[in-house]
Amino acid sequence: MNPRLSARRSDSALPRVAVIGAGSWGTTFGKVLADGGAHVVMWARRAELAQEIQEGHRNSEYLPGINLPRSMSATHHLSEALEGASQVYLAISSQALRQNLKAVRPLVSATDAPVVSLMKGVEKRTGLRMSQVIEQELHCDPARIAVASGPNLALEIAREQPTAAVISSTSRETAEAVALRARNAYFRTFVNTDVIGTEFGGVLKNLIAVAIGIVDGVGYGENTKASIITRGLVEMTDFAVAQGAQHETLQGLAGLGDLIATCQSPLSRNNTAGRLLGQGYSFQDVVKQMNQTAEGLASVAPVLQLARESGVAMPIVEQVKRVLDGTMNPRDIAPHLTTDDDRPTGERTQNGQDGGGGAFRRSLQRALDQFRNGRGRAAGD
């Protein structure tokens, strides 16, 4: 029998899923799904990229040096990607999501396939989370929508380094169905029903990562960065809880876990963008230099608007905006990052409570426990 024909028949027996967007994260998540036993059809906007994935099983622009599974195929036609898909994963720029969904809607309206957001941003014009944009544009039941988040640097996962993530949906059944599909020997998934907390954790850590990049670019050291990470987690939690999230979610993989990974890694696009700002590049120059989207840059303004409407103080993010606007020298940022008030205040570390440093330690232990306990089952986050 022809080996290529045999391979196609073998793939046809696998559950079929679609990934819309073939950047670094979309392609990596496609690999996660394929390594978990699915036949994955990638949609790439550019025909030449689709051809490279389809024929060469590589994505040299976004994942250099990574070989992709044979059970991944690609097309630049949306209809081909979505045909027969049992689950649909979205991995495109948050600011371009709404426009792309207009083309997706007629192709998924007759199905009940879960739609999964892999994006970590808010829409600049409306301040809406990605799941809210999906609900609006696809006119679908929120119970059909899920989001994925966690400490998920694409290149590390593509290299099959052990990683955990959380899948969230208002429907526990949907979250568990997606979690069971999106897992393999190196990628473990947990579930929760706190979509607000899970999404905002992924959004807000990007803003803190930009701040870390700024002070790194300036040349400040580990004390400064540790202070920003710790106080940044407080800002993230205050904001998310004010929007309706559960504070425990921000202490899990979608909050603390993602915050640590994004702030400490040179692979982080937001960290890189901040570092360029700290080195004196203008916002416009940073955008030109970045090969990929740094979602944190677009999310600063809408997050601050939501914070003001909710009465939540976010001094770190406010200072980041001033650097982005060119009204603050990056070297002047650190003394003001964690507070603008010279009066002594309590170290509020968890859910509005003053106290010792135990909350951070408990949060870190929780993230580690979640990864260890996730082997072989979908657990609550």
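Keep in mind that this is a model prediction, so the values were computed, not measured.

Conventions and cut-offs
Residues numbered from 1 in each chain as written. Predicted model: local features only at pLDDT ≥ 70, side-chain atom pairs only at ≥ 80, totals over all residues. Heavy atoms only, no water. Helix = DSSP H or I, 4+ residues; strand = E, 2+ residues; numbered from the N terminus. Expected span 1.5 Å × (residues − 1). Buried < 20%, exposed > 50% of the residue type's maximum accessible area, 1.4 Å probe, protein only. Salt bridge = Lys/Arg side-chain N within 4 Å of Asp/Glu carboxyl O.

Engineer: Tell me what's going on with helix α12 (residues 253-264), and back it up with residues and numbers.
Structural biologist: Over its twelve residues, α12 extends 15 Å from the first C-alpha to the last, a length consistent with the 16 Å expected when each residue adds 1.5 Å. Across the twelve residues that make up α12, a large majority, ten, are buried.

Engineer: Tell me about the pattern of salt bridges, and name the residues and values.
Structural biologist: Scanning the model with the defined rule gives 16 salt bridges in all. The shortest N-O distance in the salt bridge between K31 and D35 comes to 2.8 Å. Taken together, the residues span about one helical turn, with K31 and D35 both in helix α2 (residues 24-35) at a distance of four residues. On the basis of relative accessibility, which here comes to 3%, the residue K31 falls in the buried class. Classification of D35 as partly exposed rests on a relative accessible area of 31%. Between R46 and E61 there is a salt bridge, with the nearest N and O atoms lying 2.7 Å from each other. Here the residue R46 occupies a position in the loop between β2 (39-43) and α3 (47-56), and E61 occupies one in the loop between α3 and β3 (72-75), the gap between them amounting to 15 residues. Its relative accessible area of 24% is what places R46 among the partly exposed residues. The exposure class assigned to E61 is partly exposed, which follows from its relative accessible area of 37%. Residues joined by salt bridges that share partners form a network here, namely R98, K102, R105, E123 and E137.

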